[in-house]
Amino acid sequence: MSDLDAGRLAAVISPLRRALLAATRAEARLPEMSDAQIDVIRALPRGTSRGPAEIADRLRLSRSTVSNLLGAMEGDGLVERTPAPADGRRVVVRASAAALDLFDRFDAANSALVAQATARLDPGERAALDAALPVLERLCAVLAGTESPPATPDTAAPAEESN
């Protein structure tokens, strides 16, 4: 069994994301939004608000980068900043109705494009891709620093004793 070609995997991830983003924007006729702006909206699901520092931590971006993003997004009507309910000196951010509508259209077009593209793969390729999803999700969690450690013999559930 050979080792994973990490360079090849890394080289395909970024172009894959860019290609999917460009195709989704075109399909749904969405305005130009950066990956970072989409990630900010994704971090602010309907009915939630978060402070800029929490958004920065979630996205693993610097606070100044998030502050600049939020300023531009507020100017475009994509986010709304309000005083925090518990502490009026702090600010919380929520996605605007317009941003949530754009994101819903983005997600629907994105999913449809992936479904169309994967339908063009042969059954073996689709099965391999399906089998890779949990590993890719875990890889994302590892890279984001949000993974749960794998179960070890010490932390695994004890086996049931048979009588």
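Since the model is a prediction, treat every value here as computed from it, not as a measurement.

**Some thoughts on the nonpolar core**
- Val40, Ile41 and Leu44 are the most contacted members of the largest nonpolar core, which has 24 residues in total.
- Mapped onto this core, the elements with two or more residues apiece are helix H1 (6-28), helix H2 (35-42), helix H3 (52-59), helix H4 (63-75), strand E2 (91-95) and helix H5 (97-119).
- If we skip the residues at most four places from it in the chain, Ile41 touches Met33, Met73, Ala95, Ala99 and Phe103.

**Quick look at the packing of H2 against H5**
- One way to put it is that H2 packs onto H5 with a least axis distance of 10 Å and a crossing angle of 105°. As judged from the angle between their axes, H2 and H5 are roughly perpendicular. Across the interface between the two elements, Ile38, Ile41 and Arg42 of H2 pack against Ala99, Phe103, Phe106 and Asp107 of H5.
- Of the residues belonging to the contact of H2 with H5, the class tally is 5 nonpolar, no polar and 2 charged.

**Regarding the confidence of the model for the protein**
- Averaged over all residues, the pLDDT of the protein is 87; the fraction at 70 or higher stands at 89%.
- Counting contacts from residues 155-163, a segment whose pLDDT is below 50, to residues more than four positions away or on other chains yields 1 contact.

**Examining H4**
- Taking 1.5 Å as the rise per residue, H4 with 13 residues should run 18 Å; its terminal C-alpha atoms sit 18 Å apart, in good agreement.
- Residues Val66, Leu69, Leu70 and Met73 constitute the buried set of H4. Looking straight down H4, one finds that the buried residues subtend no more than 100° of arc, so they occupy a single side. Facing away from the buried surface of H4 by more than 90 degrees, the exposed residues are Asn68 and Gly75.
- If you follow the buried residues of H4, they end up packed against H2, H3, strand E1 (79-83) and E2.
- Within two residues after H4, Gly77 carries a phi angle of roughly 75°, on the positive side.

Basis of the calculations
Residues numbered from 1 in each chain as written. Predicted model: local features only at pLDDT ≥ 70, side-chain atom pairs only at ≥ 80, totals over all residues. Heavy atoms only, no water. Core = buried A, V, L, I, M, F, W, Y, C linked by side-chain atoms within 4.5 Å. Buried < 20%, exposed > 50% of the residue type's maximum accessible area, 1.4 Å probe, protein only. Helix = DSSP H or I, 4+ residues; strand = E, 2+ residues; numbered from the N terminus. Contact = heavy atoms within 4.5 Å. Axes fitted to C-alpha atoms, helices over the stretch in contact; angles between N-to-C directions. Parallel < 35°, antiparallel > 145°, perpendicular 65-115°, else oblique. Nonpolar A, V, L, I, M, F, W, Y, C, P; charged D, E, K, R; others polar. pLDDT = per-residue confidence, 0-100. Expected span 1.5 Å × (residues − 1). Arc of directions from axis to C-beta.

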